[in-house]
Amino acid sequence: MSGAVVLAFIIAGLVNPEGFQTGAETTRDWIGANLGWFYVLASTFFLIFAVWAMLSRFGRIRLGPDSSRPEFSTGAWFAMLFTAGMGIGLVFYGVAEPTLHIQDPAVVADPENLQGSDASSAMQYTLFHWGFHPWAIYIALGLSLGYFCFRKGLPMRPAAALYPLIGNRIYGWVGNLVDILAVFGTLFGLATSLGLGTLHINTGLESMFGIPNTQLTQTAIICLVTAIAVVSVLAGIDKGIRRLSVINLWLAAALLLFLFLVGPKLWMLSLMVTGTGDYLQNLVDMSLAFPTEQFDADQNAFMTAWTVFYWGWWISWSPFVGMFLARISYGRTIRQFVVGTLFAPVGVTIVWFGVFGGSGLFQDLFRPETEMIGAAESEAEATYMLLNQLGLSGPVLALLALLAIVVVTLFFITSSDSGSLVVDMLTNGGDPHPIKVQRAGWAITEGLITVVLLIVGGQAAVQGLQAAAIVTGLPFAIVLMFVCLGLVRALRDEHPSAYTPVVTVPSDRSSAPGAVADASGDTAVYTPGHGAASDSGTPAKNPPQANDGEQ
């Protein structure tokens, strides 16, 4: 069923790419204009839910048996969650978004006469779009799936998080519909990101090295990314995605540090502090603001074009990122999961936009002799315009540009890896460790879809699928709200010992991933009022195994 829905939309994008793009974008814009308020309230609800889960007495509960411990180190865990959840987006919009915001009358009072202080307002809204709200959306599904799969023995599929509300109907048409929405958002989100990312990489190669921006080049880029992704998938999570994510994070840090050292350091640091301060001070106002056109036309246009677009995009990506976060978070407590997923990535986001966005704003505000970065034709062009304006020597500039292209490419590879894992889990009934060969097949399928879309339909087909994927954010936002309700109901049924501080710890407990309380071999069945899959119950179904070829 999922395959049929995906195939139908691909055919529509290929047969009439311009018409498909127009129809999808018209639907997306209508939802933004008429139901944008729902996106705003839903996203704020998810943030409140994440904070509640972190601070509540249930924060001590583990995503797995009480004796379980994290499968991956904290550093590797963060690298994987960050590269899958947002890494590529920061490279895309790191320079472009702040330079666009500073020209918007909804953000600054007088775009025609910009002041240095206006940069803080641009940074405030940039951090709003990339800060707590996106990660709270991912937490809503990721936390629920980790809990129900590893602690309650249910399959890792979005419908499983609704078990406390609809029971065994998660295996019927209701559950199938939820999973179809998840497959749709995941596969098309990956396909559009690979397509737009290919255009981004090709733009960098053309701008910095003169490599032509053609379909042949784009096909070669997709084939290279797909080939490396397949090798990584076959290597397993630990040897593949984990290692590649760690390498990617170190290279991104090197790119960030280099740009900081050659850029206006004091300006960047000041912008990080003031922009973060404005963001935190106005977080509540921004979280609940959605003025009508009659009330404030500029603010309404800005919120529809930016905020609602982002909220729909994050929600449509939540099945992919949420399931991946759940898969790599076995053994962590609810509090560890929320703190690591909500605060650590936001800290990196502040630094990243402070350096990249700060450099772009500095050029546009204080270097009038250079071309306006905010006037760039695309997000990719804005990044390479900035690099060209730094005044670096030829070899150094080429090395920096090559590093930026490599970082973008690795972000896409890790996204393809984790996305293939998620799609394979969805299409295999929620098995958290599906067969690696099937994952490789999905990685190849994603690459083929992207090649066909770019060659036959061009950028219009890719952007049309992107708009169609964002439309799924509306029904899935409703699903996510019920997911949160289901988790709250299940947590309240937990035995008090699960979240009460332990006074003594038995010396013979195993802390290895997949350790269980007894050797009964029974499969846990979720029953309200019982702490299934805890140390006082039976082992969880499908915990990560040390011998599954992924360790």
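As a reminder, the structure under discussion sits directly above these lines.
Anyway, here's the lowdown on the structure attached to this text.

Each value, and the rule that gives it
- All residue numbers refer to positions counted from 1 along the written sequence of the respective chain.
- Confidence filtering applies because this is a predicted model: local features only for residues at pLDDT of at least 70, side-chain atom pairs given and counted only at 80 or more, and all residues used for totals across whole chains, interfaces and linings.
- Note: side-chain values were computed over all heavy atoms of the structure, leaving out hydrogens and water.
- Secondary structure follows DSSP: runs of H or I at least 4 residues long count as helices, runs of E at least 2 residues long count as strands, and numbering of each begins at the N terminus.
- A 1.4 Å probe rolled over the protein chains alone gives each residue an accessible area, and that area as a share of the maximum for its type sets the label: buried under 20%, exposed over 50%, partly exposed in between.
- Here the term patch refers to residues with relative accessible area over 30% and no salt bridge, with like charges joined within 9 Å and nonpolar side chains (Val, Leu, Ile, Met, Phe, Trp, Tyr) within 5 Å.
- A 1.4 Å probe and the Shrake-Rupley method give the accessible areas. Residues count as covered only by the protein chains that appear here.
- When a carboxyl oxygen of Asp or Glu is within 4 Å of a side-chain nitrogen of Lys or Arg, the pair counts as a salt bridge.
- For helices, the fitted axis covers only the stretch in contact; all axes are lines through C-alpha atoms, and the angles between them, taken along N-to-C directions, range from 0 to 180 degrees.
- Take the far helix as the reference: if the near one is turned anticlockwise from it by less than a right angle, the crossing is left-handed, and if turned clockwise, right-handed.
- What makes two residues a contact is simply this: any of their non-hydrogen atoms within 4.5 Å.
- All residues other than Ala, Val, Leu, Ile, Met, Phe, Trp, Tyr, Cys, Pro, Asp, Glu, Lys and Arg, Gly among them, are scored as polar; the first ten of these are nonpolar and the last four charged.

What follows concerns the environment of Leu-454. Counting through the fold element by element, Leu-454 comes out in helix H17 (residues 436-471). Considered as a pair, Leu-454 and Gln-218 are 236 residues apart in the sequence and their alpha carbons are 8.2 Å apart.

The element helix H15 (residues 379-388) is largely enclosed, with a buried count of seven among its 10 residues. Taken together, the buried positions of H15 are occupied by Ala-380, Ala-382, Thr-383, Tyr-384, Met-385, Leu-386 and Leu-387.

Right, let's get into a nonpolar patch on the surface. On the surface, a cluster of nonpolar side chains totalling about 390 Å² of accessible area is made up of Leu-257, Phe-258, Leu-261, Val-262 and Val-396. Looking at which element gives the most residues to the nonpolar patch, the answer is helix H9 (residues 215-262), with four residues. Summarising the element assignment, Val-396 is placed in helix H16 (residues 394-426). Its relative accessible area of 32% is what places Val-396 among the partly exposed residues.

Once that is clear, we can look at the packing of helix H12 (residues 297-327) against helix H18 (residues 473-492). At a minimum axis distance of 9 Å, the contact between H12 and H18 shows a crossing angle of 65 degrees. The crossing of H12 and H18 is left-handed. Residues Gly-312, Ile-315, Ser-316, Ser-318 and Pro-319 of H12 pack against Gly-473, Phe-476, Ala-477 and Leu-480 of H18. A class-by-class count of the residues in the contact of H12 with H18 yields five nonpolar, four polar and no charged.

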